[in-house]
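Structural characterization, general
Next come the chains, spelled out residue by residue.
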Amino acid sequence: MAVIAPLAGSFALIFGGCCSNVYCLEAIVKHEPDSGLLITLFQFVFTCLSTLHYQFDPRCRFFLKPSPVPFQKWCISAALFFTVNMMNNWAFAFNISVPVHIILRSFGSVTTMAAGWLRGKKYTPVQVFSVGVLTLGVMVSAAADAKSKGKTMDTSSIDLTSASFEMGLLILLVAQLLSAYMGAYVEDIYIEHGNHWKANLFYSHLLSLPLFANFSPVLYKQFSRLHASTPFQVPLALAKNLPTAANKALASTSQHVIFLTANAVTQLLCITGVNMLSASTSAVTVTVVLNIRKLVSFLLSIWLFDNQMSALMIFGAGMVFGAGALYGWETSYKIPQRCAWLKHTMSSPAGVRHRGPKDKKRPTTPNPETAKEKLNDVVEKAKREFKPNQGKEWDYKIAIAIFTVLAFVTRFYGISHPSQVVFDEVHFGKFASYYLQRTYFFDVHPPFGKLLFALAGWLVGYRGDFLFENIGDSYITNKVPYVAYRAMPATMGALTVPTVFMIMWESGYSLPACVTAAGLMLFDNAHIGQTRLILLDATLIFFMALSVLAYIRFYKLRHAPFGRKWWKWLLLTGVCLSCVISTKYVGAFTFFSIGVPVMIDLWDLMDINRRQGALSIQEFGKHFAARATGLIIVPFFLYLFWFQVHFSILTRSGPGDDFMTPEFQETLSDNIMTLQSVGIEYFDSITIKHKETKVYLHSHPDKYPLRYDDGRISSQGQQVTGYPHNDTNNHWQLLPTKELPSNEGQHANGARFNDTLFEIKVDNAKGGQDFKTMSSHFKLVHVPTKVAMWTHTTPLPDWAYKQAEINGNKNVQQTSNVWYVDDIPSLPVDSERNQKEPKKVKRLSFLRKYVELQRAMFYHNNALTSSHPYASFPVSWPFLLRGVSFWTHNDTRQQIYFLGNPIGWWLASSLLAVFAGIIGADQLALRRGLDALDDRTRSRLYNSTGFFFLTWAAHYVPFYIMGRQLFLHHYLPAHLASALVTGALIEFIFCIEPMEPEASPPPSSSGNVKGHRRTLSRPVRERVATQSLLGSWIATIVVLAAVFWCFLFFAPLTYGKPGLSVDQVNSRKWLAYDLHFAK
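Residues numbered from 1 in each chain as written. Predicted model: local features only at pLDDT ≥ 70, side-chain atom pairs only at ≥ 80, totals over all residues. Heavy atoms only, no water.

**Things to note about the overall build of the protein**
When its secondary structure is counted, the protein shows 34 helices and 11 strands. By the burial criterion, 46% of the 1079 residues in the protein qualify as buried. The long-range share in the protein, meaning contacts at least 24 apart out of those at least 6 apart in sequence, stands at 77%. When the accessible surface of the protein is totalled, it reaches about 56500 Å², and 62% of it is carbon and sulfur. (Helix = DSSP H or I, 4+ residues; strand = E, 2+ residues; numbered from the N terminus. Buried < 20%, exposed > 50% of the residue type's maximum accessible area, 1.4 Å probe, protein only. Contact = heavy atoms within 4.5 Å. Areas by Shrake-Rupley, 256 points an atom, 1.4 Å probe, with all protein chains shown as cover.)

**Thoughts on the packing of aromatic side chains**
One pass over the full model with this rule turns up 65 aromatic pairs. Here the aromatic rings of Tyr 551 and Phe 947 are separated by 5.9 Å at their centres, their planes lie at 50°, and the arrangement is tilted. Separated by 396 residues along the polypeptide, Tyr 551 in helix H22 (residues 537-556) and Phe 947 in helix H30 (residues 935-954) bring together distant segments of the chain. Residues Tyr 551 and Phe 947 agree in their burial class; the two are buried. Ring centres 5.1 Å apart and planes at 40° place the aromatic pair Phe 915 and Phe 949 in the tilted group. A residue pair is termed long-range when its members are at least 10 positions apart, and Phe 915 in helix H29 (residues 902-927) and Phe 949 in helix H30 qualify at 34 residues. We classify Phe 949 as partly exposed; its relative accessible area is 22%. Put simply, the rings of Phe 589, Trp 877, Trp 905, Phe 915, Phe 949, Trp 952, Tyr 956, Phe 959, Tyr 960 and Tyr 971 pair up and form one aromatic cluster. Against the face of Phe 664 rests Lys 849, its NZ or CZ located 5.5 Å from the ring centre. (Phe/Tyr/Trp six-rings, centres within 6.5 Å; stacked < 30°, edge-to-face > 60°. Lys NZ or Arg CZ within 6 Å of the ring centre and 35° of its normal.)

**Some thoughts on the environment of Ala 977**
Checked against the element boundaries, Ala 977 lands in helix H31 (residues 972-990). Exposure remark for Ala 977: the relative accessible area of 0% places this residue in the buried category. Those residues in contact with Ala 977 that sit more than four places away from it in its chain are Phe 948, Thr 951 and Trp 952.

**So, H31**
Quick reminder: α-helices carry 3.6 residues per turn. Residues three or four places apart thus point the same way. End to end, H31 covers 27 Å across 19 residues, agreeing with the expected 27 Å (1.5 Å per residue, within 8%). The element H31 is extensively covered by neighbouring structure, given that 16 of its 19 residues are classed as buried. (Expected span 1.5 Å × (residues − 1).)

**Quick notes on the pattern of salt bridges**
A full pass over the atoms with the stated rule returns 16 salt bridges. Of the charged contacts, one joins Lys 779 and Asp 763 as a salt bridge, the two residues approaching to 2.9 Å between their closest N and O atoms. Residue Lys 779 is located in strand S6 (residues 777-782), and its partner Asp 763 is located in the loop between strand S5 (758-762) and S6; the two are separated by 16 residues in the primary sequence. Look at Lys 779 and you get buried, because its relative accessible area is 9%. The residue Arg 882 makes a salt bridge to Asp 1074 at a minimum N-O spacing of 2.7 Å. Of this pair, Arg 882 sits in the loop between helix H28 (846-862) and strand S10 (884-889) while Asp 1074 is found in the segment after helix H34 (1062-1067), placing the two residues 192 residues apart along the sequence. A relative accessible area of 23% means that Arg 882 is categorised as partly exposed. (Salt bridge = Lys/Arg side-chain N within 4 Å of Asp/Glu carboxyl O.)

**Observations concerning the packing of helix H20 (residues 511-522) against H31**
The N-to-C vectors of H20 and H31 enclose an angle of 150°; their axes lie 8 Å apart at closest approach. Here H20 is positioned roughly antiparallel relative to H31, judged by the angle of their axes. Where H20 crosses over H31, the two elements pack in a sense that is right-handed. Contacts from Ala 513, Thr 516, Ala 517, Leu 520 and Met 521 in H20 reach His 975, Leu 976, Ala 979, Leu 980, Thr 982, Gly 983, Ile 986 and Glu 987 in H31. Considered class by class, the residues forming the contact of H20 with H31 number eight nonpolar, four polar and one charged. (Axes fitted to C-alpha atoms, helices over the stretch in contact; angles between N-to-C directions. Parallel < 35°, antiparallel > 145°, perpendicular 65-115°, else oblique. Left-handed = near helix turned anticlockwise from the far one by under 90°. Nonpolar A, V, L, I, M, F, W, Y, C, P; charged D, E, K, R; others polar.)

**Quick look at the nonpolar core**
Note that soluble globular proteins tend to have their nonpolar side chains buried in a common cluster. By size, the foremost hydrophobic cluster in this structure holds 155 residues, and its most contacted members are Tyr 485, Phe 501, Met 504, Phe 886 and Phe 948. Top contributing element to this core by residue count: H22, with 13 residues. With residues up to four places along the chain from it excluded, the contact list for Phe 948 reads Ile 503, Met 504, Ser 507, Tyr 509, Ile 552, Ala 977, Leu 980 and Val 981. With 15 residues, the next largest nonpolar core counts Val 678, Ile 680, Leu 734 and Ile 806 among its residues. (Core = buried A, V, L, I, M, F, W, Y, C linked by side-chain atoms within 4.5 Å.)

**Some thoughts on H28**
Relative to the 24 Å expected for 17 residues at 1.5 Å per residue, H28 spans 24 Å between its end C-alpha atoms, a close match to the ideal helical length. For H28, the full list of buried residues reads Lys 849, Tyr 850, Glu 852, Leu 853, Gln 854, Ala 856, Met 857 and Asn 861. The inward-facing, buried residues of H28 contact helix H25 (617-649) and helix H26 (662-665).

**Regarding the side chain of Asp 601**
Tracing the sequence through the fold places Asp 601 in helix H24 (residues 588-605). In this structure Asp 601 touches Tyr 555 and Arg 627, once residues within four positions along its chain are discounted.

**Structural notes on a nonpolar patch on the surface**
A cluster of nonpolar side chains, Phe 873, Val 875, Val 957, Tyr 960 and Ile 961, forms an exposed patch at the surface whose accessible area comes to about 590 Å². With respect to the helices and strands, Tyr 960 occurs in the loop between H30 and H31. The partly exposed category is assigned to Tyr 960, whose relative accessible area is 44%. (Patch = residues over 30% accessible without salt bridge, like charges linked within 9 Å, V, L, I, M, F, W, Y side chains within 5 Å.)

**Quick notes on the packing of H22 against H30**
Running from N to C, H22 and H30 point in directions that differ by 150°, and their axes come no closer than 13 Å. The orientation of H22 with respect to H30, classified from their angle, is roughly antiparallel. Where H22 crosses over H30, the handedness of that crossing is right-handed. Note on element contacts: H30 touches H22 through Phe 947, Phe 948 and Thr 951, opposite Met 544, Val 548, Tyr 551 and Ile 552. Among the residues forming the contact of H22 with H30, the class breakdown is six nonpolar, one polar and no charged.

**Side note on the confidence of the model for the protein**
Considering every residue of the protein, the mean pLDDT works out to 78; 71% of them sit at 70 or more. The low-confidence segment residues 378-391 (pLDDT under 50) makes 11 contacts with residues lying over four places distant or belonging to another chain. (pLDDT = per-residue confidence, 0-100.)

**Structural notes on the environment of Leu 706**
Tracing the chain through its elements places Leu 706 in the loop between strand S2 (696-703) and strand S3 (718-723). In this structure, the C-alpha to C-alpha distance between Leu 706 and Gly 717, residues 11 residues apart in sequence, is 9.3 Å.

**As for the pairing of strand S9 (residues 818-823)**
Of the pairings in the sheet, the one linking strand S1 (residues 685-690) to S9 comprises four bridges and is antiparallel in character. Residue pairing across strands places Thr 687 opposite Asp 823, the latter belonging to S9. (Pairing = 2+ DSSP bridges.)

**Section: the side chain of Thr 1036**
One can find Thr 1036 in helix H33 (residues 1030-1055). Residue Thr 1036 is classed as buried on the basis of its relative accessible area of 2%. Separated by 3.4 Å, the side chain of Thr 1036 and the backbone oxygen of Pro 512 make a polar contact. Leave out the neighbours within four places in its chain, and Thr 1036 touches Pro 512, Val 515, Thr 516 and Ile 986. (Polar contact = N/O pair within 3.5 Å; in protein donor to acceptor, adjacent residues only side chain to side chain.)

**Quick look at unusual backbone geometry**
Residue Pro 418 follows His 417 across a cis peptide bond; omega there is -5°. Tracing the backbone shows Pro 418 in the loop between helix H16 (394-412) and helix H17 (425-437). That bond from Lys 1057 to Pro 1058 is cis: its omega, -5°, falls within 30 degrees of zero. Relative to the helices and strands, Pro 1058 is located in the loop between H33 and H34. Its identity as a non-glycine residue notwithstanding, Lys 479 has a phi of 55°, on the positive side. Mapped onto the elements of the fold, Lys 479 is located in the loop between helix H18 (448-459) and helix H19 (482-506). Since its relative accessible area comes to 71%, Lys 479 is described here as exposed.

**Comments concerning the environment of Tyr 723**
Mapped onto the elements of the fold, Tyr 723 is located in strand S3. A relative accessible area of 23% means that Tyr 723 is categorised as partly exposed. Contact partners of Tyr 723, with chain neighbours within four places excluded, come to Val 695, Tyr 696, His 698, Asn 730 and Gln 803.

**Examining the state of the cysteines**
Here, disulfide denotes a covalent bond that connects the sulfur atoms of two cysteines. Summed over all chains, the structure comprises zero disulfides. Free cysteine: Cys 579, not disulfide-bonded; nearest cysteine sulfur from Cys 576 at 6.3 Å. By relative accessible area, Cys 579 is classed as buried at 5%. (Disulfide = S-S within 2.5 Å.)

Structural data, given as C-alpha cells:
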C-alpha cells in the first residue's frame, strides 16, 4: 500500500485536476479562441505562487532553499518545457492541417519510448504493442473530435513541397523530439538527485516566466478581450455563504477572468500529479497516463457541452483504455512478477557449495613488485578521490563568468553606431532581405550564415523591404532593424571568448594560461570590429571554436568508447564542423585540422602493441565507421540540409537567375525567361546577347585595320564586335545550311560560305526541344575551326570605337562562350508566337539544383581575382602590416578601420616562432642523447600545443596558394588558434614544476625493452597544485595589461566613435596604416 499510495494520489490529481480543467478551458476558448498564450501565462504564474512555500526560506540567500539539483539543470528543464509548448502552438502558423497536427502530437509515447531505448532502456513486446495501439487510439479519437467540431480533415490542399509546410512539419518534429528528450532529462534528474518533484514544479514554471516578456503586447490584447466580457453571476446558494466583500469582488469581475483563474487552479492540481508521477515512474508511463487523460478530457467535454459522440470516438476510446490497461498490467504486474521469478531461480539452495569462476587461478606466491605496484595504484586513487575541494574549480568558473560578461559588453557597446550600411553589410544584409522576400539570389558562400541573419530579421517581424544598395545608406530613414541583425554576430562573437577559455580548461591548462588565451580574444580589436557588423566571420569563428572544443571533449573519452557521452561529443564535433563549412568554404581548413589528429588516433588504434590492448579488426572497423559517420556523413547531410532550406525559401525569380541554367530558372516563379520566351524559326532576325558580359553581338560597316598595333596582319573584313546598347546593327538572321532562294541570304551564299558557317549548340539540349529566346543558352561554334565565339571585358582600340572584342576560344566548354537570343525584332506584334499561355513552374530534383549551384559557386569564387584597394597578402597578416577601411563620416571625422590589436597579434606571432624553435631544439637534443623535458611535459607540448599549432597552420598556410582576393579578416580563425598557442606557452615557459623521481621500470626477464614509460595522468588541479604559478600570473598580468591598453588606444577606430583629430589619427599610424583624416 505504501507503494500504491503515491501513484493513486498522482492519478487522482491528474484525472481530477485535468478533467475539471476542461470546463473552464472550453468556456474561455468559446469566447476567445486565441487566448492560449494568456491561459499558459496564468497557469505558470499561479503555479509559481502556489509552490513558492515549498522553496521559501527567509534564512537562505534569495530567500530560497538550496536546491539539491544544480541550477543549470533547472534552467535547461524550464527552457525545454517552454519551448515545447510554444512550438506546438507555433506550428499552426504554417501550412499544417488539423490531421497532420493530431498525428504528430499523438506520437508522444512513441518518441518517449524511442528516446528511452536510445538511452539503453529495455521494453517488452507487450509494452511496445500497447503504446502503439494507444497512440493509434488517440489519433482516431482526436480525429473524430475534430470532425465533430467542424474542423476539416482534408489534406489534399496541402502542398507537400512548399516551404511553409516543410517548416511547419519541421517545427512539429523538433517539438516531439524535444518533448521526448525533456521527459528523459527530467527522469535522469530524479534518478541522479532524488525525487525532488516539488522543486521541479517551482523552477520549471518560475524560470519560464521571463520568456513571456516578448509576447507582452499579445498578452495584453488577449486579457483586455477577456476582461470585457459580462460580469460573473454568483449563484444564490453560494452567495448566501460568502462574505459581502467576496460577493462584490466576484460580481465586479469578468466571468472569463474567473474562469481563467479557475483554469490555473485546476491546472496546478494536474501538473502536481504529473510531477509526482514522473518522480515515481518512467517517462513512458507518464506519457501513457497523459494520453489516457486526454481521452477522458475529450469524453468529459462531450458530456458537459452536449457534443455528439460518434462511433469512431467510441472505437478510439476503447483502443486507448484497452491499451492503457494492457500497459499497466504488463508494467505493474507481469514485469515485477518475472523479475521476482528470475531472482528466485538465480538464488542457490542452502547447503550447496559454489564453484569458483573458471578463469580463477590457484593461489601463487605473492610477487613483491606486483604488490607494491598495486599498493601505489590504490594510494594514488585514494589521493585523487579524497582530494579536498577537488573538481569544484570555483576559480575557473568565476573567471569564465567574468570573461563572458566582459565579452558581451565589448561586443554590444555602441552596437547601434553607425546607423548606416558599413562595408560588406551591403552584401549580407541584402541577402537577408532577399530571403525574407523569397527572391532568388546568388552568392559564393554556403547559405547557413545568411540564413541566420534572415532568421534574426524574421523574428523581429521585418519583411526585407530595404536592399542595402550602397555603403552609407541610412538604416534609420529606411526603418531597418539593423541592431537585431548585428546582435546575431555580436552574440556569437561574445560566446567565442568563453569557448576559447573552455578549450584551454578542457585541455588541462592552468588558470593563467586560460586567462591569457581568452584575454587575447576578449580585447582584440579585429574580432570585436568584425563581430559587431552584419558579416559572416563571427559565425565561422564561433563554430570553428566549438568544433575544437567538442573534439577535445571527445578525445578525452577515447578510453571509454561508444558510450552515450562519447557519441554525443563525436556527433557535436561533426555538427559544428558542418556549420563551419556551411558558412564559408574556408571551413574545410577546420575539417583538416581535426581530421589529422583523428587519423593519428585511428593509426594508434591499429597498433597491436598499444598500451590499452590490441583491437581486433572488427573493433577497429567499429571505431573507423563511427568516426566516418560522425565526422563525414552527418556533417555532409547537414550541409545538404541548409541548401534544401535555401531552395525551399527562394522560390521567386531574382538577381541570381542569370547565374543559373534555363532549366533551373524555370523552377522559379515570375521568371522573365519563362514569361517572355518565344520560339525561334529560320529566317527570323534576332539579337544575340552574351550571358556574362551582356553585350550584343554587333557588326558595322567599318573594316578591321590592315595591320594591328602588335604587327599582325588582318583580313580587313567587316568588323564584328560586342556592343552594350540596342542597335539595328545587332540584328542577325538565322539561316539554314541548305541552298537558299535567290532572294534570301545572298551574301551568305558567296565564295566564303563555308568560312562563315556557325553551328548553334544548345546547352543541355534534348531531342525535340524548342529553340527559344531567353531560355535557350547556346554556343556558336565555328564549323571549319571548331572554336567557340567568345568575348571579354577588355575593349578594342579606337578603330573599333572601344567596343568589345569578338574572338574564338579553343576551349569550347568554358562558360564564357555562352550566348542567348534576347529578342526577335522581325516578329510582328500580332504574331501567334507572341500569344503566351500561363506556364506552370517546373520542378527539378534537389540533387540537380544542388550540383548546379555548387559548380557555379566554386567557379565564381575562384574568379574573384580583381584587385581591391584594401586587399592584402597572407605574409602581412601575422605582423598586422595594414588594415581595411570599413566606414567613414566626413562631418564628424569618425571612421571604422578594421585592425587587430597590434600588441596581441605581435605577441601571438612571436610565440608561434618560439614554439617552432622549442620543438626543433628538443628534437636536436634528443638526437644528441639529451632529455631536456620530462615525458609529461613533452606529451603536452607535442600533443595539445601541437594541435593548436596545427590548427593555426591549417587556417593560414593554404591562403598562400589561393589566387582570389584576400583580406585581413581571412586570418581571424588562425589568430584564434595562435591565441591558444600563446596561452599554452605562457604556462610552459613560466610554470615552475618541481622535479619528481621517476619510477624505475619493472624488471623484465628479457632485459631492457625499448618503449614509452607509462606516466600517471593527473587532474589539472592536482598537477597545478604542485606548481608555482607566480611566474605565470605575472606574465599574464603584464601581457593583458599591455593588450588592454592597446585595445583602448585603438577603440575609436573599432567602434567608430569618437572622431579623432589629425594628431590623434597620426599617433595611431604605427605601421603607416592608411587611416583617413590624417591631414
